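# An overview of the molecular structure
The chain contents come next:
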Amino acid sequence: MEKTQCGTISSAVREKLIVALDYNTLGQAAALVEQLGDSVTVYKAGLEIFLRTKGAIVDYLHGKTKKYFWI
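An account of the accompanying structure is given in this report. These numbers come from a predicted model, not from an experiment. (Residues numbered from 1 in each chain as written. Predicted model: local features only at pLDDT ≥ 70, side-chain atom pairs only at ≥ 80, totals over all residues. Heavy atoms only, no water.)

### As for the pairing of strand β3 (residues 18-21)
Alternating residues of β3 divide into Val19 and Leu21, all buried, and Ile18 and Ala20, none buried. Relative to strand β4 (residues 42-45), β3 runs parallel, the two being bridged by 4 bridges. Note that in β4 the partner of Leu21 across the bridge is Ala45. (Buried < 20%, exposed > 50% of the residue type's maximum accessible area, 1.4 Å probe, protein only. Helix = DSSP H or I, 4+ residues; strand = E, 2+ residues; numbered from the N terminus. Pairing = 2+ DSSP bridges.)

### Observations concerning unusual backbone geometry
Phi is positive for Lys54, which is not a glycine, with a value near 55 degrees. Examined against the element boundaries, Lys54 turns out to sit in the loop between α3 (47-52) and α4 (56-63). Using a relative accessible area of 78% as the deciding quantity, one classes Lys54 as exposed. Positive phi is not limited to glycine here, since Thr65 has a value of about 55 degrees. Counting through the fold element by element, Thr65 comes out in the loop between α4 and β5 (67-70).

Honestly, that's just the spatial picture; any functional story needs more than this.
Written as structure tokens, this is what we have:
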């Protein structure tokens, strides 16, 4: 188990937890990713944020070495 700023989370749980980035701007989504830190490794970017950021959300998550998918 790993101690994070959000508490203690096992690596098995961390891989199953997916956080939706349902925000209007890259700044809002990035703030959540920063706040969650290493406690979350997988994110879902919706079509709205993908289009509003012209795909920059994917570049941001990739740069943070996060796993992601978008729909």
